[in-house]
Amino acid sequence: MIGVTRHSNAVRHTGIITRSMTTIYKPPQQAFPSSIDEELDIDDIIDDSDNDSVQQLLYPSSPTLDNKNTYKSHKWAKFPDGSRFWKTVKNTSRQQRPIFVAATRQHVGKTTCSLALMSGLTKRYDKVGFLKTVGQQHVSVQGRNNEELRVDKDCVLVKEYFKLDHVDYHDISPVIIPKGYTKRFVDGQVSLEEQIKAVEKAMTNVTRASDVVLCEGTGHCAVGSIVGLNNAKVASLIGADMVLVANGGLGSAFDELELNRILCQHYNVRIAGVIINKVIPDKFDQTKHYMRKAMMKAWGVPLLGCIPDHSYLGRPALADLENLFKTKLISGQQHRFRHYDVRYVNIVTTSLTRFLENLRDKHKRTLYICHVTRDDLIVGFLGEYQRMRKETETPFEAALLICGRRGKYQLSAEVTDMLQSVQGAPILIVDYATYDAMNMIHDYTPKLNIHDTERVKVAVEHYEPYINFDELMRRTQSDNSSFNEPGSPSFSSLMRM
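What you see is a predicted model; the values in this text were computed from it and never measured.

Definitions and cut-offs
Residues numbered from 1 in each chain as written. Predicted model: local features only at pLDDT ≥ 70, side-chain atom pairs only at ≥ 80, totals over all residues. Heavy atoms only, no water. Pairing = 2+ DSSP bridges. Helix = DSSP H or I, 4+ residues; strand = E, 2+ residues; numbered from the N terminus. Axes fitted to C-alpha atoms, helices over the stretch in contact; angles between N-to-C directions. 1 Å grid on protein atoms, 1.4 Å probe; cavity = no way out; pocket = protein on both sides within 12 Å on 5 of 7 lines; lining within 4 Å. Points joined across faces, edges and corners; volume = space filled by probe spheres on them. Nonpolar A, V, L, I, M, F, W, Y, C, P; charged D, E, K, R; others polar. Right-handed = clockwise from strand over helix to strand, strands pointing away. Buried < 20%, exposed > 50% of the residue type's maximum accessible area, 1.4 Å probe, protein only. Disulfide = S-S within 2.5 Å. Arc of directions from axis to C-beta. Contact = heavy atoms within 4.5 Å. Parallel < 35°, antiparallel > 145°, perpendicular 65-115°, else oblique. Left-handed = near helix turned anticlockwise from the far one by under 90°.

Quick look at the sheet that holds strand β6 (residues 128-131)
Here comes step 1: Here 6 strands make up an open sheet; going across it, the order is β6-β11-β5-β12-β13-β14 and the pairing parallel. Of all the strands in the sheet, just β6 and β14 (303-308) have a single pairing partner and so form its edges. Each strand of the sheet is rotated relative to its neighbour by a mean of 20°, with strand direction disregarded.
Here comes step 2: Both β6 and strand β11 (residues 212-220) contribute to a ladder of 4 bridges, which runs parallel. Bridging from a neighbouring strand, Leu-131 pairs with Cys-215 of β11.

Observations regarding empty space enclosed by the protein
Here comes step 1: Scanning all chains against the criterion turns up 7 cavities of 30 Å³ or more.
Here comes step 2: As for the second largest cavity, its lining consists of Asn-358, Leu-359, His-363, Lys-364, Thr-366, Tyr-368, Met-388, Pro-395, Phe-396, Glu-397 and Ala-398.
Here comes step 3: Broken down by class, the residue content of the lining of the second largest cavity amounts to 6 nonpolar, 3 polar and 2 charged.

Quick word on the pairing of strand β18 (residues 427-430)
Here comes step 1: Here strand β17 (residues 399-403) runs beside β18; their pairing, made up of 4 bridges, is parallel. Residue pairing for β18: Ile-402 is matched across the bridge by Ile-429.
Here comes step 2: The handedness of the β17 to β18 crossover, carried by helix α13 (residues 413-421), is right-handed.

Some remarks on the sheet that holds strand β16 (residues 367-371)
Backbone-to-backbone hydrogen bonds join strands into a sheet, with any given pair of strands oriented parallel or antiparallel.
Here comes step 1: The strand order across the open sheet built from 4 strands is β15-β16-β17-β18, with neighbouring strands paired in parallel fashion. The sheet is open, and its two borders are formed by β15 (345-347) and β18, each paired with just one other strand. Looking at each pair of strands side by side, their axes are set apart by 20° on average, direction ignored.

Structural notes on the environment of Ile-226
Here comes step 1: Assignment of secondary structure puts Ile-226 in the loop between β11 and α7 (231-237).
Here comes step 2: Judged by relative accessible area, which is 40%, Ile-226 ranks as partly exposed.
Here comes step 3: Placed 43 residues apart in sequence, Ile-226 and Lys-183 show a C-alpha to C-alpha distance of 9.5 Å.

Quick notes on the state of the cysteines
Here comes step 1: In this structure the tally under the stated criterion is 0 disulfides.
Here comes step 2: We note that Cys-221 lacks a disulfide partner, and the nearest cysteine sulfur, in Cys-264, lies 3.8 Å from it.
Here comes step 3: By relative accessible area, which is 0% here, Cys-221 ends up buried.

A short note on helix α11 (residues 352-361)
Here comes step 1: Listed as buried for α11 are Phe-355, Asn-358 and Leu-359. Buried positions in α11, seen along its axis, are confined to an arc of 100° and lie on one side of it. Along α11, the residues that are exposed and aim more than 90 degrees away from the buried face are Thr-353 and Asp-361.
Here comes step 2: In this fold, the buried residues of α11 make contact with β16 and α12 (375-391).

Examining unusual backbone geometry
Here comes step 1: The phi dihedral of Asn-91 is positive, around 65°, even though this residue is not glycine.
Here comes step 2: One can find Asn-91 in the loop between β3 (87-88) and β4 (95-96).
Here comes step 3: Look at Asn-268: it is not a glycine, yet its phi comes out positive at around 65°.
Here comes step 4: Mapped onto the elements, Asn-268 comes out in the loop between α8 (251-266) and β13 (271-279).
Here comes step 5: Assessed through its relative accessible area of 9%, Asn-268 is described here as buried.

Some thoughts on the packing of helix α10 (residues 318-325) against helix α14 (residues 434-443)
The description of two helices packed together rests on the angle between their axes and the distance between the axes.
Here comes step 1: At their nearest, the axes of α10 and α14 sit 11 Å apart, and the two run at 120° to each other. The pairing of α10 with α14 is recorded here as oblique in orientation. As α10 runs across α14, the sense of the crossing is right-handed. In contact with Leu-321, Leu-324 and Phe-325 of α10, α14 contributes Ala-437, Met-440 and Ile-441.
Here comes step 2: Tallied by class, residues from the contact of α10 with α14 come to 6 nonpolar, no polar and no charged.

In structure tokens, the structure reads:
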């Protein structure tokens, strides 16, 4: 729990901010990080127009900043005043805080949950803003003046899918960390205050144009620490409440949540709630019951959503395999967004006769893998594709992945000519051994993207009904100042002390 002050004027809570102080409430020492064991004056909070203020906020021991000091400290000297990014809820006196989404680790479904949250928020607010404050995987887009911009790929997905015309690409991806960026930061070629100013400017513009802002983080709460901008710290900077996403289970999920919760507490970030994702359907009721009970008992944090796994969302499309293997379909490009269940990925080592039997009798949407030296299988696959097109109305849904080390093996000229003449059969050629390719597919986690609109649509429709938006709104508009630990006083209770 954090300290809150009572004063004669209005109280603004985004850390510890006091004016005309009359009473200071200090909870037990272990309930909050030592860095907030002091009262702050509002006038001392960061002013983004004053570089000295930024330096004082970041580096309490030095009024100036140089390259040799750049990497010494990334802790707040004082908690920033994030209340400037709060929005008054229409026809009420309540303040809506930004909502920050972070995960407990990689590949838990953070972006999918963010899409579902966006969908629900757009049904409750006229204008919902979005930004990914710190991104890693970027793509090029055109800015408002037709200039080329680099933005995080998830920003493109959210902006285009929800048609967020009121926010600009200039503002929704303020900090990008490409290859080599962290070394440049450590060497002092990129400054922390530059990054903070970029985040603040973006957040100011998106907040001004929106009724509520959803921010998606990158990975778990500590990601970005090496450049001084981890998720918890950014949430503190913009006055956001945190939604944590973890994968289904009990013990391991709870342990991962605790690690991230502690970091949020260290940076004075309230946790609005938790979403448990990819829950085994047979254990859905059990997981929901015990996770809700355990979190309320230990932290007083609600379970905002418990989402059963949907196997379709984990199936790679052929377009995903193009990205995975850095190749392109040599035919069947019209089927790039056809998805394949990894249970039906087979390495072919049998005779041609048996292979043709499998093509006709086994699961229709199977991805077959063969070696580049098996001309018979490749020709047989093409022949079966042509036969089915002529003799049946059943669509041909199988695909073929041809493997072989470049320079060591290659397709014969005759087979190459056949592949080029038959268009429509989904075929890829990859520079990997068959066994390696098989393992890469099984280990691969498909990511949502704006081009695969069907998968995005399925994801949103599956996730959204399982999220308690009423509780999310109540939590992110509440004036309860505690870290949500059971037994801690509420903000209104402290005001009466």
